[in-house]
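Fold and contact review
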Amino acid sequence: IPQYYYSPHNQCVYLRHDGNPGAANKSIELALRTTIINQGNKHDVLYENLAVRYGAAHGFGGGDTKRIVIRGCDIYYIGGGHQYTKNGRPVRFGNGIEFWGNADEHLVENNRLWEIYDAALTNQGRGDGKKIRSFETNITYRNNVIWNAEYSFEYWNNDVTENIIFVNNTCVDAGTVWSHAQRPNPNGAHLMFYNNPAKTKNFVVRDNIFVNSTEVCMRMWNDWQEPPLLDNNLWHGGGQPLVRFEKKGVFGVDDFAAYQQKFGFDRNSVIAEPVFVDPARRDYRLAPNSPGLRGASDGGAFGVRLP
């Protein structure tokens, strides 16, 4: 495996490879550590039918945004740039679509996201409720197909969170991503929910498909002031645990009933292996014999619904 080092002092990349790298690779590409579409301080913008790829920071990113629509885009091979060094170890980063800090009235729908270093979709912020505010409100993620991201959906905030809706998304193979083995902390999960001191209202995760993960389908710190609504989802861990709560236990298929009873989540959810039309070709539509065609909150299909 080729190894490389970037020297920020002389802005050079040094590549080490046993032999001629041209004999083993058709090309060598260097991704700039920059957000491809920086929408900080922007409002009333529609992004549609774009291919956003090969950036070492975020695909879409920026804080203080209002009324952004991201629709029908392909977002892939994102992240991996060096963000900072902590305790002598480099911290790398990169999300597909990130709303940072103040974010209001956003719609993310009908996109495909894959090969993402961190989270395919996320809203997050470090507001302190005083001098630095972080209002994350009225954000809807729906009908997106995600595969091969370390996390499908990541959330954390310290200030105010309201009306976050994650519905009818199809999420496959969390942690099965180009960067997983390179991470200092490999921890693939479809849902990554951290400590949540934010004042939270109407956080909904419903009617989704979560299939296969390298570590766990959902990792959660259960200290929310108002718990999220998690229900009517289809889960299939691929042999890994379904849920891991910080200091509160790990729950797999055999423990799912105990998880439902203890936390009140996923009371109407289903554990089953979905049958896709052609997963080898990334066709994640549900096949006619799929158990996922019934059971969502309206009685219909889990996951993405095509028009």
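Now for a quick tour of the structure. (Residues numbered from 1 in each chain as written. Predicted model: local features only at pLDDT ≥ 70, side-chain atom pairs only at ≥ 80, totals over all residues. Heavy atoms only, no water.)

Regarding a nonpolar patch on the surface
Which entries qualify depends on this criterion: Like charges within 9 Å and nonpolar side chains (Val, Leu, Ile, Met, Phe, Trp, Tyr) within 5 Å are joined into patches, using only residues over 30% in relative accessible area that form no salt bridge. Surface accessibility follows the Shrake-Rupley procedure with a 1.4 Å probe radius. Residue values consider only the protein chains on display as shielding. Any carboxyl oxygen of Asp or Glu that lies within 4 Å of a side-chain nitrogen of Lys or Arg is treated as forming a salt bridge with it. Strands are runs of DSSP state E lasting at least 2 residues, helices are runs of H or I lasting at least 4, and numbering of each runs from the N terminus. Buried, partly exposed and exposed residues are distinguished by accessible area as a fraction of the type maximum, computed with a 1.4 Å probe on protein chains only: under 20%, between the cut-offs, and over 50%, respectively.
A surface patch of nonpolar side chains, about 630 Å² in accessible area, is lined by Tyr4, Tyr6, Val13, Leu15, Ile28 and Leu30. Broken down by secondary-structure element, the contributors of at least two residues to the nonpolar patch are strand E1 (3-7) and strand E2 (12-16). Looking at where Tyr4 falls in the secondary structure, it is placed in strand E1. A relative accessible area of 56% places Tyr4 in the exposed class.

Quick word on helix H2 (residues 256-263)
Where we set the bar: The arc refers to the directions leading from the helix axis to the C-beta atoms. Contacts are assigned to residue pairs with any non-hydrogen atoms lying within 4.5 Å of each other.
All of the buried residues along H2 are Phe256, Tyr259, Gln260 and Phe263. Viewed end-on, H2 has its buried residues packed into an arc of 100°, placing them on one side of the element. Across from the buried face of H2, at angles greater than 90 degrees, the exposed residues are Ala257, Gln261 and Lys262. Contact partners of the buried residues in H2: strand E20 (218-220), strand E22 (234-236), strand E23 (243-245), strand E24 (249-251) and strand E25 (270-271). Just downstream of H2 lies Gly264, where phi reads positive at about 80°.

Focus: the packing of aromatic side chains
Stated precisely, the cut-off is as follows: Aromatic pairs are defined between Phe, Tyr and Trp rings, using the six-membered ring for Trp, whenever the two ring centres lie within 6.5 Å; interplanar angles under 30 degrees are classed as stacked, those over 60 as edge-to-face, and all others as tilted.
Counted under the stated rule, the structure contains 33 aromatic pairs. Each ring, one from Trp100 and one from Trp156, has its centre 5.7 Å from the other, and the planes form 75°; the classification is edge-to-face. With Trp100 in strand E11 (residues 97-109) and Trp156 in strand E14 (residues 145-156), the pair connects residues that are 56 residues apart, well separated along the chain. Aromatic pair Phe245 and Phe265: ring centres 6.4 Å apart, planes at 20°, arrangement stacked. Of this pair, Phe245 sits in strand E23 while Phe265 sits in the loop between H2 and E25, and the two are 20 residues apart along the sequence. Taken as a pair, Phe245 and Phe265 share a single burial class, namely buried.

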